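Fold and contact review
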Amino acid sequence: MTKIAVVTGAGSGLGAGATRAFLDAGYGVALLGRRRGALEEVADGHKAALAVPTDVTDAEAVDAAFASTVDHFGRVDVVFNNAGGNVAARTIDEIPLEDWFQVLNVNLTGAFLVARAAFRQMRAQAPQGGRIINNGSISAYAPRPKSVPYTTTKHAITGLTRTLSLDGRPFNIACGQIDIGNALTDMAQAMTKGVPQADGEIRIEPTMAPAQVAASVLHMAELPLGANVQFLTVMASAMPFVGRG
């Protein structure tokens, strides 16, 4: 039976890479993101791809996206809960409230809404169950300077992951978290030019190919539901994480 995956933030970056990896592995994939054109470009006419323009901060839109996915494919086996964003680096006293809510709404509320819709569907379908993979971050463990909104939401994703993993047990729903460091997407181009370090210096940081992230997500997804990667860290080997600060 063909497995069905839902990927949020599928129109670019790591979401696009994971989508292509799922399609190459024979999955049917629902691509969720704000821009239809970007989703369709990633889908590239693939018969097993369904573009579903969705704002993950809108509860009704998220529920409708899952309804469309189930109507088209029949079920949901895997969700890569990936959509996220960030704002300019500032210390907390310089952060506008609208920046705080922007990051909170996408990174945390959006992840909650997607996980809620996924859990509801996985609990109700037959056969019951599925897997939710949350995109955490190295920042779920160690912050970068001037990153209060982003780091706070990524620490919260860890709480979401652990609770879903616990609450999903009676329904054969597994939940794990992938924590990614310095994958060279468009958002990470600054790493190649120099970014602030904990000691105040600006340094270029090592990066890795986004394809390594997609392979890691696929590995987590391919496990039988009786096994789970609870937390997986995949990062550029020499990036400043161990020993950061």
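It should be noted that the structure appears before, not after, this text.
This section reports on the structure supplied with the text. (Residues numbered from 1 in each chain as written. Predicted model: local features only at pLDDT ≥ 70, side-chain atom pairs only at ≥ 80, totals over all residues. Heavy atoms only, no water.)

**Section: the packing of helix 1 (residues 13-24) against helix 6 (residues 210-222)**
To keep things clear, this is the line we draw: Simply put, an axis is a line fit to the C-alpha atoms, just over the touching stretch for a helix, and the angle between two N-to-C directions goes from 0 to 180 degrees. Numbered from the N terminus, helices here are DSSP runs of H or I no shorter than four residues, and strands are runs of E no shorter than two. Roughly parallel covers angles under 35 degrees, roughly antiparallel covers those over 145, roughly perpendicular covers 65 to 115, and oblique covers all other angles. Less than a right angle of anticlockwise turn of the near helix away from the far helix marks a crossing as left-handed, whereas a clockwise turn marks it as right-handed. Contacts are residue-level and defined by heavy atoms, with any inter-residue pair within 4.5 Å sufficient. In this classification, Asp, Glu, Lys and Arg are treated as charged, Ala, Val, Leu, Ile, Met, Phe, Trp, Tyr, Cys and Pro as nonpolar, and every other residue, Gly included, as polar.
In the contact formed by helix 1 and helix 6, the axes pass within 8 Å of each other and the chain directions differ by 55°. Classified by the interaxial angle, the pair formed by helix 1 and helix 6 is oblique. Read as a crossing pair, helix 1 and helix 6 show a hand that is right-handed. Of the residues in helix 6, those in contact with Leu14, Gly17, Ala18, Ala21 and Phe22 of helix 1 are Pro210, Val213, Ala214, Val217, Leu218 and Ala221. Considered class by class, the residues forming the contact of helix 1 with helix 6 number 10 nonpolar, 1 polar and no charged.

**Describing the sheet that holds strand 9 (residues 231-235)**
What counts here: Pairing between strands requires that DSSP locate at least two bridges from one strand to the other.
The sheet built from 7 strands is open, its strands ordered 3-2-1-4-5-6-9 with parallel pairing. Looking at strand neighbours, the two that pair on one side only are strand 3 (49-53) and strand 9, the edges of this open sheet. Here the strands of the sheet are splayed against their neighbours by 15° on average, with no regard to which way each runs. In this sheet, strand 5 (residues 130-135) lies alongside strand 4 (residues 78-81) in parallel orientation, the contact comprising 4 bridges. For Val78, the partnering residue across the bridge sits in strand 5 and is Arg131. Packed onto the sheet, helix 3 (residues 59-73) meets strand 1 (4-8), strand 2 (28-33), strand 3 and strand 4 and runs at close to 160° relative to strand 2. Helix 5 (residues 148-167) contacts strand 5, strand 6 (173-181) and strand 9 of the sheet and is inclined by roughly 155° relative to strand 6.

**Things to note about the side chain of Asn107**
To be explicit about the condition: Nitrogen and oxygen atoms within 3.5 Å of one another constitute a polar contact, given that in protein one can donate a hydrogen and the other can accept it, and given that sequence-neighbouring residues count only through two side-chain atoms.
Position of Asn107 among the secondary structure elements: in helix 4 (residues 97-124). Among the polar contacts listed, one links the side chain of Asn107 to the backbone nitrogen of Gly85, at a separation of 2.7 Å. Among the polar contacts listed, one links the side chain of Asn107 to the side chain of Thr153, at a separation of 3.3 Å. If we skip the residues at most four places from it in the chain, Asn107 touches Gly84, Gly85, Tyr150, Thr153, Lys154 and Ile157.

**Considerations on the environment of Arg20**
Quick note on the threshold: Burial classes follow relative accessibility: with a 1.4 Å probe on protein chains only, a residue under 20% of its type's maximum area counts as buried, one over 50% as exposed, and anything between as partly exposed.
Here Arg20 shows up in helix 1. With a relative accessible area of 41%, Arg20 lands in the partly exposed category.

**Examining the pairing of strand 6**
The line we're drawing: Crossovers are marked right-handed if the path from the first strand over the helix to the second runs clockwise, as seen with the strands pointing away from the viewer.
The element strand 6 is extensively covered by neighbouring structure, given that 9 of its 9 residues are classed as buried. Residues of strand 6 alternate between two faces, with Ile173, Cys175, Gln177, Asp179 and Gly181 on one and Ala174, Gly176, Ile178 and Ile180 on the opposite face, all of them buried. The pairing of strand 5 with strand 6 spans 6 bridges and is parallel. Residue pairing for strand 6: Ile133 is matched across the bridge by Gly176. In this region the chain leaves strand 5, passes through helix 5 and returns to the parallel neighbour strand 6; the handedness of that crossover is right-handed. Here strand 6 runs beside strand 9; their pairing, made up of 5 bridges, is parallel. Considered in strand 9, the bridge of Ile178 is made with Leu232.

**Concerning the environment of Ile138**
Among the secondary structure elements, Ile138 is positioned in the loop between strand 5 and helix 5. Along the backbone, Ile138 and Ala183 are 45 residues apart, and their C-alpha atoms lie at a distance of 11 Å.

Don't take any of this as a statement about function, it's just geometry.
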